[in-house]
Amino acid sequence: MMFEFDQFLGFLAFLTILTMGFWLMIFLTAVIVPYWLGGSIMDLLKEKKAKRKAAKEQKA
């Protein structure tokens, strides 16, 4: 039993969407999330450093 051409095109569309979603998830977990976390941690450290500097200047 063979597929009709419309079914074949639907199957190809499904595989394309599935593959795009897979690679998008790989990209997000490998690039975007670490970049976001690294930037958040650096910003937090800068805020703590500025707070310590302000407290030290206020003391003096």
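Since the structure is predicted, the reported quantities are computational estimates derived from the model, not experimental observations. (Residues numbered from 1 in each chain as written. Predicted model: local features only at pLDDT ≥ 70, side-chain atom pairs only at ≥ 80, totals over all residues. Heavy atoms only, no water.)

Take the packing of aromatic side chains next. Here the structure, examined in full by the defined rule, presents 1 aromatic pair. For the ring pair Phe22 and Trp23, a centre distance of 5.0 Å and an interplane angle of 70° mean the geometry is edge-to-face. A residue is classified by how much of its surface remains accessible, and Phe22, at 46% relative accessible area, is partly exposed. (Phe/Tyr/Trp six-rings, centres within 6.5 Å; stacked < 30°, edge-to-face > 60°. Buried < 20%, exposed > 50% of the residue type's maximum accessible area, 1.4 Å probe, protein only.)

Turning our eyes to something else, we now look at helix α1 (residues 5-59). Look at α1: 79 Å from first C-alpha to last across 55 residues, which is about the 81 Å you get at 1.5 Å a residue. Approximately 40° is the largest bend angle found in α1, and it occurs at Leu28. (Helix = DSSP H or I, 4+ residues; strand = E, 2+ residues; numbered from the N terminus. Expected span 1.5 Å × (residues − 1). Bend = angle between axes of the 7 residues up to and from the residue.)

Right, let's get into the UniProt feature "transmembrane region" (unreviewed entry) in the chain. Listed under "transmembrane region" (unreviewed entry) in the UniProt record, and renumbered for this structure, are residues 12-37. For residues 12-37, the end-to-end C-alpha separation is 36 Å, with 100% helix and 0% strand making up the annotated structure. (UniProt positions renumbered as here; feature names shortened; annotations may be inferred.)

Quick look at a nonpolar patch on the surface now. A surface patch of nonpolar side chains, amounting to about 790 Å² of accessible area, comprises Phe5, Phe8, Leu9, Phe11, Leu12, Phe14, Leu15 and Leu18. You can see Phe5 is positioned in helix α1. For Phe5, a relative accessible area of 60% gives the class exposed. (Patch = residues over 30% accessible without salt bridge, like charges linked within 9 Å, V, L, I, M, F, W, Y side chains within 5 Å. Areas by Shrake-Rupley, 256 points an atom, 1.4 Å probe, with all protein chains shown as cover. Salt bridge = Lys/Arg side-chain N within 4 Å of Asp/Glu carboxyl O.)

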